[in-house]
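# Observations on chain architecture
Listed below, chain by chain, are the residues.
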Amino acid sequence: MGNEESTPRPAPREVRIDKQQVRVLAHPLRMRLVGALRVNGPATATTLAELLGTNTGATSYHLRQLAEVGLVTEDPDRGSGRQRWWQAAHDVTSWEPTDFDDDPDARAAIEWIQGDQVRLLAEHAERWFATQHEWSPAWRDALGMGDTFLTIPPARLKALQAEVWQVLERYRREAEPVDSTHAADPQARPVQVFLAAYPLLEGPR
C-alpha cells in the first residue's frame, strides 16, 4: 500500500511592482490595507476601517486606488448588493531598487516603502518588548532577532538571499493547512520574518 499524496499547496502569487504601482502603493494606509488583506483574507471597507482605526470613506477610496493598478481586486463570491468585499491580488510583492532609477517619482516612492518597512520592524520590536513577559518560555526563546557580519560580493549576497527565501517559503508551505481536513498545529502563531542586509558604511562602497 502506498501513502496517499496530499494536495499540493499553491505557490504564492507574486507581483513585481511597476512604476505606476509603486507610486500608488507608497502611502501609509494603502500599505496597511494590502498587508491586512494578505494576512487576514478578504474583507469589506467597513471591516478594514475598524481593524486599522480609520473610517470607511478613507478605506473605500484607497482600496479603489489600489484596485486601479491591480494590487487588490473585488471578491465576486462574497459581494452582495452594495457591500463590496476586497481581496489581495497577490501574496508577495517584489522589486529591485534599480527598477526605478530612471523615474525620480517612482524612486522616491520605493525609498519611502523601504523606510516604512524599517519603521514597521521597529514598531513590531517595541510591541514585543512591552509584552514578551506574557509569552511562554518557548516563545520568548524562539522570537527575536540577531545579526552576523560577512565579507561578500554582490552576486553571492543575492544568491544567499534567494536561498534564505527558499527556506522561508518551504517552512511557510509546511506550516499552513492544505484544507479543512489538515488542521494547523495548535501551538502555531502568526509570525513575521524580516530579511535585511546592509553594508558597513565605514567600509568601501
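Everything below is about the structure printed above this text.
Only a predicted model underlies this, so the values are computations on that prediction, with no experimental measurement involved.

Thresholds, definitions, all that
- Residues numbered from 1 in each chain as written.
- Predicted model: local features only at pLDDT ≥ 70, side-chain atom pairs only at ≥ 80, totals over all residues.
- Heavy atoms only, no water.
- Axes fitted to C-alpha atoms, helices over the stretch in contact; angles between N-to-C directions.
- Helix = DSSP H or I, 4+ residues; strand = E, 2+ residues; numbered from the N terminus.
- Parallel < 35°, antiparallel > 145°, perpendicular 65-115°, else oblique.
- Contact = heavy atoms within 4.5 Å.
- Nonpolar A, V, L, I, M, F, W, Y, C, P; charged D, E, K, R; others polar.
- Buried < 20%, exposed > 50% of the residue type's maximum accessible area, 1.4 Å probe, protein only.
- Phe/Tyr/Trp six-rings, centres within 6.5 Å; stacked < 30°, edge-to-face > 60°.

## A closer look at the packing of helix α2 (residues 28–40) against helix α4 (residues 56–68)
Where α2 contacts α4, the axes come no closer than 10 Å and their chain directions differ by 80 degrees. Judged by the inter-axis angle, α2 sits roughly perpendicular to α4. In contact with Leu29, Arg30, Leu33, Val34 and Leu37 of α2, α4 contributes Ala58, Thr59, Tyr61, His62, Leu63, Gln65 and Leu66. Its residues placed into classes, the contact of α2 with α4 shows eight nonpolar, three polar and one charged.

## A few points about the environment of Thr54
Secondary-structure assignment places Thr54 in the loop between α3 (45–52) and α4. Accessibility expressed as a relative area gives 31% for Thr54, which makes it partly exposed. Separated by 25 residues in sequence, Thr54 and Leu29 place their C-alpha atoms 9.0 Å apart. Excluding residues within four positions of it along the chain, Thr54 makes contact with Leu29, Ala49 and Thr59.

## Things to note about the packing of aromatic side chains
By the definition in use, this model includes two aromatic pairs. Measuring from centroid to centroid gives 5.8 Å for Trp128 and Trp135, while their planes differ by 70 degrees, and the two rings are edge-to-face. Trp128 sits in the buried class, given a relative accessible area of 16%. When its relative accessible area of 33% is taken as the criterion, Trp135 is described as partly exposed. Through pairs of rings, three or more aromatic residues link up here, namely Trp128, Trp135 and Trp139.

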